[in-house]
Amino acid sequence: MKHIPKPILLCFIIITCLFCIKCTGQQKSRSPKGYDLNNPVKYNMPEALHEISGIAFNKGNPDMMFAEQDEEGELFYFKPGSMNVKQIKFGQGGDYEDVAITNNQVIMLRSDGVLFTFPLDLKKAEATNVKQWDSLLPKGEYEGMYADDSDQSVYVLCKHCSIEKTSKTSTVFTLKLSADGSLKNAGQHTIDVGRVSKLAGVKKMNFHPSGLSKNPKTNEWYILSSVNKLLVIADTNWNVKEVYPLNRGKFGQPEGIAFDNQNNLYISNEGDKVGAGNVLKFTFKP
């Protein structure tokens, strides 16, 4: 075998590495039935929603998306794809993590577990009859929330909770919303983190959920984890069924998740130093 000159050998190695990197970048992620996580419609957010966290629809209406961001006590609303964003002031600045709407009431979740409720009125720039709920949830850090239109139940996911003595489970708290915006406790459920780890192919995992929604077609829970870059699907009893790793190139910081009434899936990503916040739409295909 003839000796290959070092410059030629070096070029060959570089080209091979670049080809491998390109191939790796083109590897497709697995997707839940009905969706293609590799091909979203991308909606970039304006500067006001650079730090977009939670997203929601009112009765699944896809013409108007509601959102909040990490710093301002404001509810934002806009047509997906439009940079014309309006807002309703409801409180002081704070670390707000998610939003839900049901029975014409807005529920806002602050990271420390404090909740705010107020009537949805798009004609006003400042919310009225705002109620604050300080002690419904145990001390901890919270990021995900979902409100069910069928019975006005509100589900809140704990990211780190004082009542969780181990990392083997993640707690979901259920609240009941009254027509006047009052909230009361209605039980709790747990998610088996060991099952998440097993399906993700990881020996041990510290699971930190960041978003929650319910698939209106299957009634399955879709649980998002920004830290773990995972989409977890559980049945109606919170038994984990499927786990999908998320492509870090597409999902920079996934924190919000919602479905519209056409069963399309939306995931929001907080922006960073080089990119704007965005919402990714995954069209449902039976």
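Note that the structure is predicted; figures quoted are calculated from it, not measured.

A. Broad picture of the layout of surface pockets. Of the pockets and cavities examined, the largest pocket occupies roughly 360 Å³. Lining the largest pocket are 25 residues, and of these Gly60, Tyr146, Ala147, Asp149 and Phe259 sit closest to its centre. Sorting elements by how many residues they give to the lining of the largest pocket places strand β10 (residues 140-148) first, with four residues. Of the residues belonging to the lining of the largest pocket, the class tally is 14 nonpolar, six polar and five charged. Taken as a whole, the second largest pocket spans an internal volume of roughly 250 Å³. Elements supplying a minimum of two residues to the lining of the second largest pocket: β1 (41-44) and β20 (278-282). Of the residues belonging to the lining of the second largest pocket, the class tally is four nonpolar, eight polar and five charged.

B. How the structure looks around the state of the cysteines. Following the criterion strictly, the structure yields one disulfide and no others. In this model, Cys158 is linked to Cys161 through a disulfide, with the two sulfur atoms separated by 1.8 Å. Where Cys158 bonds to Cys161 through sulfur, the torsion about that S-S bond is close to 125°, and the disulfide is right-handed. Relative accessible area serves as the criterion here: at 0%, Cys158 is assigned to the buried category. You can call Cys161 buried: its relative accessible area is 10%.

C. Geometry of the sheet that holds strand β19 (residues 265-269). Here we have four strands laid out as an open sheet, ordered β1-β20-β19-β18, and antiparallel in their pairing. Edge strands, defined here as strands with exactly one partner in the open sheet, are β1 and β18 (254-259). Direction aside, the axes of adjacent strands within the sheet are offset by 20° on average. Both β18 and β19 contribute to a ladder of five bridges, which runs antiparallel.

D. Quick peek at the sheet that holds strand β6 (residues 96-102). The strand order across the open sheet formed by four strands is β6-β7-β8-β9, and the pairing between neighbours is antiparallel. Two strands in the sheet have a free side with no partner beyond their single neighbour: β6 and β9 (131-133). Taking the axes of each pair of neighbouring strands and ignoring which way they run, one obtains an average angle of 20° across the sheet. Pairing analysis gives three bridges linking strand β8 (residues 115-119) to β9, with the strands arranged antiparallel. Residue Leu115 lies in a different strand from β9, and its bridge partner there is Trp133.

E. Here's a closer look at unusual backbone geometry. The backbone phi angle of Lys229 is positive, close to 50°, even though this residue is not glycine. With respect to the element layout, Lys229 can be found in the loop between β15 (221-225) and β16 (230-234). Even without being a glycine, Trp238 presents a positive backbone phi close to 70°. In this fold, Trp238 is placed in the loop between β16 and β17 (240-245). Taking the relative accessible area as the measure of exposure, Trp238 reaches 3% and is therefore buried.

F. The arrangement of the packing of aromatic side chains in detail. Considering all chains together, one arrives at 15 aromatic pairs under this definition. Judged by centre distance (4.8 Å) and plane angle (65°), the rings of Tyr155 and Trp221 are edge-to-face. One end of the pair, Tyr155, is in strand β11 (residues 153-161); the other, Trp221, is in strand β15, and 66 residues separate them in sequence. The class for Tyr155 is buried, based on a relative accessible area of 11%. An aromatic cluster of at least three residues, connected via ring pairs, comprises Tyr35, Tyr222, Phe259 and Phe284.

G. Just the pattern of salt bridges, in detail. All told, the structure shown has seven salt bridges when counted by the stated rule. In this structure, Lys159 engages Glu141 in a salt bridge whose closest nitrogen and oxygen atoms are separated by 3.7 Å. Linking Lys159 in strand β11 with Glu141 in strand β10, this pair joins segments that are 18 residues apart in sequence. We note a salt bridge from Lys214 to Asp148, for which the minimum N-O separation is 3.0 Å.

H. Representation of the environment of Pro254 within the structure. Mapped onto the elements, Pro254 comes out in strand β18. Each C-alpha atom of the pair Pro254 and Ser225 lies 7.2 Å from the other, and the pair is 29 residues apart in sequence. Here Pro254 is in contact with Ser210, Leu224, Ser226, Lys229, Leu246, Ile267, Ser268 and Asn269, once residues within four sequence places are set aside.

What counts as what
- Residues numbered from 1 in each chain as written.
- Predicted model: local features only at pLDDT ≥ 70, side-chain atom pairs only at ≥ 80, totals over all residues.
- Heavy atoms only, no water.
- 1 Å grid on protein atoms, 1.4 Å probe; cavity = no way out; pocket = protein on both sides within 12 Å on 5 of 7 lines; lining within 4 Å.
- Points joined across faces, edges and corners; volume = space filled by probe spheres on them.
- Helix = DSSP H or I, 4+ residues; strand = E, 2+ residues; numbered from the N terminus.
- Nonpolar A, V, L, I, M, F, W, Y, C, P; charged D, E, K, R; others polar.
- Disulfide = S-S within 2.5 Å.
- Buried < 20%, exposed > 50% of the residue type's maximum accessible area, 1.4 Å probe, protein only.
- Pairing = 2+ DSSP bridges.
- Axes fitted to C-alpha atoms, helices over the stretch in contact; angles between N-to-C directions.
- Phe/Tyr/Trp six-rings, centres within 6.5 Å; stacked < 30°, edge-to-face > 60°.
- Salt bridge = Lys/Arg side-chain N within 4 Å of Asp/Glu carboxyl O.
- Contact = heavy atoms within 4.5 Å.

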